[in-house]
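One-letter residues, chain by chain:
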Amino acid sequence: MAWIRGAGLTAFGRLPGTDASGWQATAARLAMADAGVRPQDVDGLIVGYATTLDHLMPANLLGEYLGITPRVALGAAVGGATGLAMVAQAASLVDSGAASTVLVVAGEDRASGQSTQVSTSTLAQVGHHRYEVPIGATVPQYYALLASAYLHEHGLDPRDGLAPLAVAMRAHAARRDGAQFREPVTVDDVVASRPVAAPLHLLDCCPISDGGAAVLVGPGGSARDVEIAGTGQAHLHQHISEADPHEFGARLSAGRALTAAGVEIDDVDVFGIYDSFTITLALLLEELGLARPGRAGAAAADGCFDLDGPTPVNTHGGLLSYGHCGVGGGMAHLVEVVSQLRGEAGDRQVGGAAQGLVHADGGVMSAHVTAVLRTSGGAA
């Protein structure tokens, strides 16, 4: 069985002075130190793409940077789902015996290493090269289409349908050192913030960040190790014009991970759910069955996703408030759930957390990857 033996997460924000390789190396060293592993012990290295690095061989590049000479080295790119996809691959390498100590790394100077214009243009390429990109559509605009359809279908407005999710994420980030934004916000603040792509406002959108995250995967051996109990994926479309708005793939992905782990979603104690926009979080929560259709915002307002609520979600603040440095942004959800399951989350600790679920999507609700985690004392 594959376990997460070490985890590392840097602060996120606009933090000039370190490039993508530097952020990756910092996160990798944190994870190795956490696991008590040296570079020479690592025989598997999987590294996510970085838009500011644009290198064809990110794992080999980082290996040389850190003095790691792995038996297996892979680069990966599945958008926001890349981090969990890399962890799933790492688990497969360990389970098969192809590697015993696999370092999974992401990091990027996305905030300080490129202009907003370049970042926006680069990310927009997930759209269809013939029918979407040429008209100047951006990722916020793609998600704004989903938000408009969602609000219309359920008879909601941004105040009750989306804004409470941003408020809940900021409340979590207030307790998390290293979060990019920690000042509390209200529903009024969200709907009064600058329009980005109607109906989405600035506080409905994750910030661009610098930072890094990493985990060390291998056979378990310590009471702090967290089991990768099951993973699952679903890839039903690439372009939003081809998507089914009632079945993006999250349900299938999570179902496969839960089945592999032998548990039900009601058995899960803490969640890390991708939240690039408030609409992303709303759609995923509802497709995963963590909120009724059209009720994710209301559930957030009712405290369902709070630390003491029935479904604690993104207790570090998520992409919306901890920040988003590319692949490392999604991996931060994973590191936070590991901290919760270890009982090391301090004043944001969820009582009795023994099983966790992390879900990420890449593109525009395109690639879906889920991982179910548990402590050594969690249900089998």
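The sections below set out a description of the structure shown in this document. Quantities reported herein were computed from a predicted structural model and do not represent experimental measurements. (Residues numbered from 1 in each chain as written. Predicted model: local features only at pLDDT ≥ 70, side-chain atom pairs only at ≥ 80, totals over all residues. Heavy atoms only, no water.)

Buried together is how nonpolar side chains tend to be arranged in soluble globular proteins. Among the nonpolar cores identified, the biggest contains 101 residues, and V215, I273, I279, L285 and L373 are the most heavily contacted of them. Discounting chain neighbours no more than four positions away, the residues touching I273 are L281, L284, L285, L288, L290, V313, N314, H333, L357 and H359. The next biggest cluster of nonpolar side chains, apart from the first, holds 18 residues, and it includes A35, V37, A214 and L216. (Core = buried A, V, L, I, M, F, W, Y, C linked by side-chain atoms within 4.5 Å. Buried < 20%, exposed > 50% of the residue type's maximum accessible area, 1.4 Å probe, protein only. Contact = heavy atoms within 4.5 Å.)

The next subject is the sheet that holds strand β9 (residues 270-273). Note on sheets: strands pair through backbone hydrogen bonds, and any given pair is parallel or antiparallel. With mixed pairing, nine strands are arranged side by side in an open sheet as β3-β2-β4-β7-β1-β8-β11-β10-β9. A single partner strand is all that each edge strand has here, and the edge strands are β3 (72-76) and β9. Mean inter-strand twist for the sheet, computed between neighbouring axes without regard to direction, equals 20 degrees. Taken together, the eight bridges between strand β10 (residues 355-362) and strand β11 (residues 367-374) define a ladder with antiparallel strand orientation. Its bridge partner lying in β11, Q355 is registered against R374. Lying on the sheet, helix α1 (residues 20-35) is in contact with β1 (3-9), β2 (44-48), β4 (102-109) and β7 (210-218); it crosses β4 at an angle near 145 degrees. Contacts from helix α9 (residues 250-261) reach β8 (226-235), β10 and β11 within the one sheet, and its direction differs from that of β8 by about 145 degrees. (Pairing = 2+ DSSP bridges. Helix = DSSP H or I, 4+ residues; strand = E, 2+ residues; numbered from the N terminus. Axes fitted to C-alpha atoms, helices over the stretch in contact; angles between N-to-C directions.)

Along the chain, S276 falls in the loop between β9 and α10 (278-287). Under the relative-accessibility criterion, S276 is labelled buried at 6%. A distance of 3.0 Å separates polar atoms of two side chains, one belonging to S276 and the other to T280. Those residues in contact with S276, other than ones at most four positions away along the chain, are Y143, D204, C205, C206, L319 and L320. (Polar contact = N/O pair within 3.5 Å; in protein donor to acceptor, adjacent residues only side chain to side chain.)

Attention shifts here to the pattern of salt bridges. Opposite charge on two side chains allows them to pair when their charged atoms are near. Following the criterion strictly, the structure yields 13 salt bridges and no others. Among the ionic pairs, R110 bridges to E108, the shortest N-O distance being 3.3 Å. The exposure class assigned to R110 is buried, which follows from its relative accessible area of 5%. Note on E108: relative accessible area 1%, which makes it buried. A cluster of three or more residues bridged by salt bridges with shared partners is formed by D34, R224, R342 and E344. (Salt bridge = Lys/Arg side-chain N within 4 Å of Asp/Glu carboxyl O.)

The next thing to look at is the packing of aromatic side chains. All told, the structure shown has two aromatic pairs when counted by the stated rule. Ring centres of F12 and Y322 lie 4.8 Å apart, and the angle between their planes is 65 degrees; this geometry places the pair in the edge-to-face category. Taken together, the positions of F12 in the loop between β1 and α1 and Y322 in the loop between α12 (318-321) and α13 (327-342) put the pair 310 residues apart, joining distant regions of the chain. Of the two residues, F12 and Y322, both sit in the buried class. (Phe/Tyr/Trp six-rings, centres within 6.5 Å; stacked < 30°, edge-to-face > 60°.)

This part takes up α10. Taken across its 10 residues, α10 has 10 buried, putting it largely inside the fold. Those residues of α10 not exposed but buried are T278, I279, T280, L281, A282, L283, L284, L285, E286 and E287. Looking one or two residues past α10, G289 carries a phi angle of roughly 85 degrees, positive in sign.

By the secondary structure assignment, L307 is in the loop between α11 (296-301) and α12. For the pair L307 and I279, spaced 28 residues apart in sequence, the C-alpha separation works out to 21 Å. Setting aside residues up to four positions removed in sequence, L307 forms contacts with H172, R175, P312, T315, D347, R348 and V350.

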